[in-house]
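So you can see what is in the structure, the chains are spelled out below.
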Amino acid sequence: MSKLVKIFHGPQHPGITGNMSVELDLIGETIQKAKTHVGYLHRAFEKLVERRTAMQAFTIVCRICVPEPDPNEENFARAIEEITGLEVPERAKWIRVMVLEMSRLAAYHLWMGGQAGSTGLYTVPQWAVGYRDYILDLFEELTGGRVYHMYIIPGGVRRDLPDGFLDKLSDVLDLIESKLPEFDRLFFDNAVFKKRAIGTAVIDPETAIERGVVGPPLRACGIPSDVRKDDPYEIYDKLDFDVITETGGDVYARALVRRREMEQSIKILRQIIKYIPDGPYRTKIPYPMNWKLKAGETYVKTESARGEFGYYMVTDGSEYIRRMNVRGPAYVHGISLLEDMLVGEQLADVAMIMNSLGTCPPEIER
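About the criteria used
- Residues numbered from 1 in each chain as written.
- Predicted model: local features only at pLDDT ≥ 70, side-chain atom pairs only at ≥ 80, totals over all residues.
- Heavy atoms only, no water.
- Helix = DSSP H or I, 4+ residues; strand = E, 2+ residues; numbered from the N terminus.
- Rg over C-alpha atoms; globule rule 2.2 N^0.38 Å.
- Buried < 20%, exposed > 50% of the residue type's maximum accessible area, 1.4 Å probe, protein only.
- Contact = heavy atoms within 4.5 Å.
- Areas by Shrake-Rupley, 256 points an atom, 1.4 Å probe, with all protein chains shown as cover.
- Lys, Arg positive; Asp, Glu negative; His and termini not counted.
- Charge placed at Lys NZ, Arg CZ, Asp CG, Glu CD.
- Pairing = 2+ DSSP bridges.
- Axes fitted to C-alpha atoms, helices over the stretch in contact; angles between N-to-C directions.
- Core = buried A, V, L, I, M, F, W, Y, C linked by side-chain atoms within 4.5 Å.

> It is not clear to me how the overall build of the chain should be interpreted in this structure. Could you clarify?
On a plain count of helices and strands, the chain comes out with 14 helices and eight strands. Since a compact globule built from 366 residues should have a radius of gyration of about 21 Å, the 21 Å found for the chain is in line with a globular shape. On the principal axes, the C-alpha backbone points of the chain span a range of 70 × 45 × 35 Å. A buried classification covers 57% of the 366 residues belonging to the chain. In the chain, of all internal contacts separated by at least 6 residues, the share reaching a separation of at least 24 is 71%. Total accessible area computed for the chain in this model is approximately 15,000 Å², and 51% of it derives from carbon and sulfur atoms. Positive and negative charge centroids in the chain, built from 46 and 53 side chains respectively, lie 4 Å apart.

Now the structure itself:
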């Protein structure tokens, strides 16, 4: 007679994606039921923002996703700019896209470490985290912070590029690009990873659209959806890059999408290095502590490394933000989709499947 066993995967577990837990009912190694638990990281980010001025609040939003904070800063700044009519200098837009693509590269390196680690390929995390550090070094020089940057502000960016920064960025891109074939040999073409990832946790295109799946998991179903192309912001409409798709819809297809998108981010950054214009890097704003925001509402969105990421913001004419709502991919990917997807899968594949979806728990507990 089969015995039902209940275990908790997380919150303290190397295979969990952040501060969350998945309650699993098992018969043998096969998952019968899965339930996501959050609540370990509740900070009420949206309410914290509503009690602060715009310039105080922007220092909070980067914490909504630790592996990739910059889309939060860009969304927040662009929402304030759309409501108040602030014009952003052209150079600042190019710098913002540079920051966003550097952030995407850093996030993909961190993902690669987690994804490989979940299949027992422990050299890859060492390499990936090491190469991510080269990008964090650049962020530290540019912003003063390695993880939380607080650099993209309403009206532009906090300061201009340091002398020689673009040359250093070019050197790091060369370094990352030269390492990608070794990542291919060790990870993406690895027989163990392919054996476990191909055909695992498949999402078909109809389910993806019905559930609201976005980002690499959606593009891995063959659907070419990318906010940067579909609804361009900043200067993405001036840049040459491709929307990457795969057709397998499984863990392996999601990995290949991210791998190929790393090359696209490098391509974008090289264009920025070559064509970034001179000029001012920010517009002067009113005195921050007494900046009354014009009454209005807006919805802005960006393409983060985990998919479409939106901010809905309402202002009422005071210096405070009346209401802000964050719409991230983690709620769908980490709860409704994950809970159904895990049923019938093996216990050993839970971490691999979670990593493939790109869940960031603070987005859920916003």
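On we go.
> For this particular structure, what's the right way to read the sheet that holds strand β1 (residues 4-9)?
In any sheet, the strands associate via hydrogen bonds between backbone groups, in a parallel or an antiparallel arrangement. With respect to topology, three strands assemble into an open sheet ordered β1-β2-β3, the strand pairing being antiparallel. Every interior strand has two partners, whereas the edge strands, β1 and β3 (30-37), have only one. Neighbour to neighbour, the strand axes of the sheet diverge by 20 degrees on average, direction disregarded. The pairing of β1 with strand β2 (residues 21-27) spans six bridges and is classified as antiparallel.

> Looking at this model, I keep getting lost on the nonpolar core. Mind explaining?
One broad trend across soluble globular proteins is that nonpolar side chains are buried collectively. Formed by 80 residues in total, the largest nonpolar core has its most connected members in Met 98, Met 102, Met 112, Leu 161, Phe 187 and Leu 342. With 14 residues, helix α4 (residues 90-117) is the largest single contributor of residues to this core. Apart from the residues lying within four places of it in its own chain, the contact partners of Leu 161 are Arg 91, Ile 95, Met 98, Leu 142, Tyr 151, Leu 166 and Ile 276. With 25 residues, the next largest nonpolar core counts Ala 54, Phe 76, Leu 293 and Tyr 311 among its residues.

Structural measurements only, silent on function.
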